[in-house]
Amino acid sequence: MKKPKNLKKIIFVLSAAIFVVSLGIIVNLCFIEPYLNASTMKEIEDVYYKEADSEEETGNLAALMAINSDIKGWIKIKGTPINYPVLQSGPGDPIYYLHRNYKREKTSFGSVFLDSQCDIESPSKNLILYGHNMRDGSMFGHLLRYDDLNFYKERPTITFNTLAKRSEWKIISVFKTNTLESQGKLFDYLKIDFASDKEFLDFVYDVKVRSIVDTPVDIGKNDRLITLSTCSSELKDFRTVVVAREVREGESPKVDVEKAKIRGNPLMPKGYYSKYGGKAPKVNGFDKDRAEGNLPWYVEQ
């Protein structure tokens, strides 16, 4: 007769232990880790902006590189938590900073990091940056909000500073894409350099037809791009991607956002239509649409 009572006691103790452990994990994920990450980011932010009169200026990247030579730049999007150092590891360990901060400490938040194949000094035609989509909206979490027109209108540009210069970038596309072939044909949005102007413009076309937001920013063969990529939850291993082109020399960084609009039917992966319905739009290609005058964003250079 005592065995059932002992069994109940054992089950109660195990349940209580599981509850305590689970609660500890939740507290760590929701409160402790975010706090520690915010504190760590504040430390490096203070160093970066220490000698700048305002956040509009290029901060002290040289001081950051003295802390960690893998720091290659600083990215900022006004009105978001995105205000971080950008790190880059070597091709031998290209995702080193996926789960490490600028101190090289392990953390689930990781760092915003530059693709190991990109060249800051040359520089590459398309600079690709990765960052986690965190529960608290930090790192690249706010990129998911760019499918809201008002959110875009308040934040149409990106600042990316390197040791060489301060650069502003105008957003040209916000799109969703797959990384699994089971969800449809893969779009290689991680191209860094291009063999020809034609290849580059075809790539820009592919980026534009997928954009959720129709942005009033022109682009031509001589422009350079920056691509921000983060995880997205629409489908397994999905990505939300924001692409911007560099503000040209002598060009105003201002964007006439009132001309922006939500696209009615951006191109999505096949798996997206299978889950959410809808039908893919007709895609003619850059050459045909250009010949027919259907590319208001294209500019001759």
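These figures come from a predicted structure and were not determined experimentally.

With respect to the overall build of the protein
Part 1: Tallying secondary structure elements over the protein gives six helices and 10 strands in all.
Part 2: Considering the protein as a whole, with its 301 residues, one finds that 46% of them fall into the buried category.
Part 3: Intrachain contacts of the protein at a sequence separation of at least 6 include 63% that bridge at least 24 residues.
Part 4: A total accessible area of about 16000 Å² is found for the protein, and carbon and sulfur atoms account for 54% of it.

Examining the sheet that holds strand β5 (residues 157–162)
Part 1: What the eight strands build is a closed barrel, ordered β1-β2-β3-β4-β8-β9-β6-β5; its pairing is mixed. Here the strands of the sheet are splayed against their neighbours by 30 degrees on average, with no regard to which way each runs.
Part 2: Helix-sheet contacts for helix α4 (residues 197–209) involve β4 (126–130), β6 (166–177), β8 (225–232) and β9 (238–246), and the interaxial angle to β6 is about 60 degrees.

A closer look at unusual backbone geometry
Part 1: Here the amide bond leading from S122 into P123 is cis, since omega sits at -10 degrees, within 30 degrees of zero.
Part 2: Structurally, P123 is set in the loop between β3 (112–114) and β4.
Part 3: With a phi angle near 70 degrees, R104 is a residue other than glycine that sits in the positive phi range.
Part 4: Examined against the element boundaries, R104 turns out to sit in the loop between β2 (83–87) and β3.
Part 5: One non-glycine residue, D237, adopts positive backbone phi at about 55 degrees.
Part 6: In this fold, D237 is placed in the loop between β8 and β9.
Part 7: Judged by relative accessible area, which is 36%, D237 ranks as partly exposed.

About the criteria used
Residues numbered from 1 in each chain as written. Predicted model: local features only at pLDDT ≥ 70, side-chain atom pairs only at ≥ 80, totals over all residues. Heavy atoms only, no water. Helix = DSSP H or I, 4+ residues; strand = E, 2+ residues; numbered from the N terminus. Buried < 20%, exposed > 50% of the residue type's maximum accessible area, 1.4 Å probe, protein only. Contact = heavy atoms within 4.5 Å. Areas by Shrake-Rupley, 256 points an atom, 1.4 Å probe, with all protein chains shown as cover. Pairing = 2+ DSSP bridges. Axes fitted to C-alpha atoms, helices over the stretch in contact; angles between N-to-C directions.

Geometric values such as these leave the question of function open.
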